[in-house]
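# Chain and residue survey
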Amino acid sequence: MWPRLRSVCSGSRTICRRGAALPKLTANANACHSSHSAAKHSALQYRKHGDPSQVVQLEDIDLPPIGAKDVLVKILAAPINPSDINMIQGTYAILPDLPAVGGNEGVAQVVEVGSQVTSLKMGDWVIPRDAGLGMWRTEAVFAEDDVISLPNDIPLLSAATLGVNPCTAFRMLSDFEDLKPGDTVIQNAANSGVGQAVIQIAAARGVNTINVVRDRPEFTQLSDRLKAIGATHVIKEEALRRPELKELFKTYPKPKLALNGVGGKSATELLRHLQIGGCMVTYGGMAKQPVTVPVSALIFKDVKVRGFWVTQWKRDHSKDERAFRAMVDELCSLIQQGKLTAPACTEVGLRDYSKALEASMKPFTSAKQVLII
């Protein structure tokens, strides 16, 4: 049974928008003023679980005082992820105490630090270390240990979407198979945020990707876009069952690793193409259908079937600052080199949250909704 997450309150100020100059923060970096305890901030809060379009409301909430080991931050941008929707619906593996502020991911700027804060300074960009902080708000007070700093010279949307999907992709490409340049990875849900990060990180490592997407009217445009960010091949779901895929594996080695974000028949088809001893990692279940593993795949191909949840990885490594720091640094380096970009995003103002929530729940959504705060 997962522990229920504690809620963290927070407050409202002038927020930096993408392209706008960041404010100069020249006050004493170790200052800690309790005057903010009377301030209000705007937050997307829900008081019960249910349909996000019905239960999420924009409300003004008191901002708590800043403790000695706390930081006051301005939220700059925060995406809407499937896990955010599931948390509001009450179907996620971990749930915050109610009322709760939505949003597990985003980037913020430190505007004030407590007197005993040592790892952060005013002006730093930070992202949450774990789920449940509630990033859909204008301002927040977080414990120093709840956030980790990023370089503030990377694009805002890349920073806002770094903590979940790229970290998931990075770990799955690093932790399950020893992938070498020239090896092959096959994945479904290739147009998802995780899928786009997998394509780019794999390309940076010289690893081929076979990327499976559902058929749609704009398939050609989607395929071209995925190839432009490094996809080796883009195919439709039904192509997994066609003979021409076998021809492809005369040019490229069979996949060592399969990444499944869909479940159901799609996952079974991925398994069929794994090389002997290969591994399929499931990180999502968009089809809401179980993963079926043929007995022959286990006996004759000795495939491994694993699961991955980035929240669990972060908690398992919460005492190991170096592991998380090294991953964030490598991802930021790829961003700075132009090898890792944010997924396709639609920027929405905080007050237009209803439109963003509705868009994020539509099928065949290729753009991630990001609240610019």
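Every chain is numbered on its own, with residues counted from 1 as its sequence reads. Since the coordinates come from a predicted model, pLDDT governs what is reported: local features require at least 70, and pairs of side-chain atoms require 80 or more to be given and counted, while whole-chain, interface and lining totals use all residues. Side-chain metrics in this entry use all non-hydrogen atoms of the structure; hydrogen atoms and water are not considered.

A pair of strands is treated as paired once DSSP finds two or more bridges between them. A run of H or I in DSSP counts as a helix once it spans at least four residues, and a run of E counts as a strand once it spans at least two, with each numbered from the N terminus. Here three strands make up an open sheet; going across it, the order is β2-β1-β4 and the pairing antiparallel. Each of the sheet's edge strands pairs with one partner strand only, and the pair in question is β2 (56-62) and β4 (100-101). Two strands pair when backbone bridges link them, and strand β1 (residues 40-46) and β4 are joined in this way by two bridges, in the antiparallel orientation. Each residue of the ladder has a partner; that of Y46, found in β4, is A100.

To continue, consider the environment of A189. Turning to its location among the elements, A189 is positioned in the loop between β9 (184-187) and α5 (193-204). Contacts are assigned to residue pairs that have any heavy atoms within 4.5 Å of one another. The residues touching A189, leaving out its near neighbours within four places in the chain, are G195, V212, V262, Y283 and M286.

Moving on: the nonpolar core. Within the largest apolar cluster, 45 residues are counted, with the highest numbers of intra-cluster contacts made by V107, L173 and L257. No other element matches the eight residues that helix α11 (residues 321-336) contributes to this core. When neighbours within four sequence positions are excluded, L173 is seen to be in contact with L179, V185, V198, I201, A202, R205, L257 and L259. By nonpolar core is meant a set of buried Ala, Val, Leu, Ile, Met, Phe, Trp, Tyr and Cys residues that side-chain atoms within 4.5 Å join together. Relative accessibility thresholds used throughout: buried, under 20% of the residue-type maximum; exposed, over 50%; partly exposed, between the two (1.4 Å probe, protein chains only). Core analysis: the second largest hydrophobic core is formed by 36 residues, A78, W136, V147 and Y353 among them.

Only centres within 6.5 Å qualify two rings of Phe, Tyr or Trp (six-membered ring in Trp) as a pair; their planes then separate them into stacked at under 30 degrees, edge-to-face at over 60, and tilted for everything else. Summed over the entire model, instances satisfying the criterion amount to three aromatic pairs. Between the aromatic rings of Y92 and W309, the centroid separation amounts to 5.8 Å while the plane-to-plane angle is 75°, which identifies the pairing as edge-to-face. Here W309 lies in the loop between β14 (304-307) and α10 (310-316) and Y92 lies in the loop between α2 (82-89) and β4, a separation of 217 residues in the sequence. By relative accessible area, which is 23% here, W309 ends up partly exposed. Between the NZ or CZ atom of R205 and the centre of the ring of F170, over which it lies, the distance is 5.0 Å. Lysine NZ or arginine CZ positioned within 6 Å of the ring centre and within 35 degrees of the ring normal marks a charge as sitting over the ring.

This brings us to helix α6 (residues 219-228). If you check which residues of α6 are buried, you get F219, L222, S223 and L226. The arc enclosing the buried residues of α6, seen along the axis, measures out at 100°, which places them on a common side. More than 90 degrees from the buried face of α6, the exposed residues found are Q221 and A228. Of the residues flanking the end of α6, it is G230, one or two places downstream, whose phi is positive at about 125°. This arc describes the spread of directions from the helix axis toward the C-beta atoms.

Take P343: it is sitting in the loop between α11 and β15 (345-349). Its relative accessible area of 14% is what places P343 among the buried residues. Along the sequence, P343 and S158 sit 185 residues apart, while their C-alpha atoms lie 8.1 Å from each other.

For the rest of this paragraph, the subject is the confidence of the model for the protein. Scored by pLDDT, the protein has a mean of 88; 89% of the residues are at 70 or more. Of the regions scoring below 50 in pLDDT, residues 1-38 engages in 113 contacts with residues more than four places distant in sequence or in other chains. Scored between 0 and 100, pLDDT is the confidence that the predictor attaches to each residue.

Attention now moves to the sheet that holds strand β11 (residues 233-236). In spatial order, the strands read β11-β10-β9-β12-β13-β14; together these six strands make up an open sheet with parallel pairing. Two strands bound the open sheet, and with one partner strand each, they are β11 and β14. Along the sheet, successive strands turn relative to each other by an average axial angle of 20°, direction set aside. Against the sheet, α6 touches β10 (208-213) and β11, its axis set at about 155° to β11. The convention used is that axes are lines fitted to C-alpha atoms, helices contributing only their stretch in contact, and that angles between N-to-C directions extend from 0 to 180 degrees.

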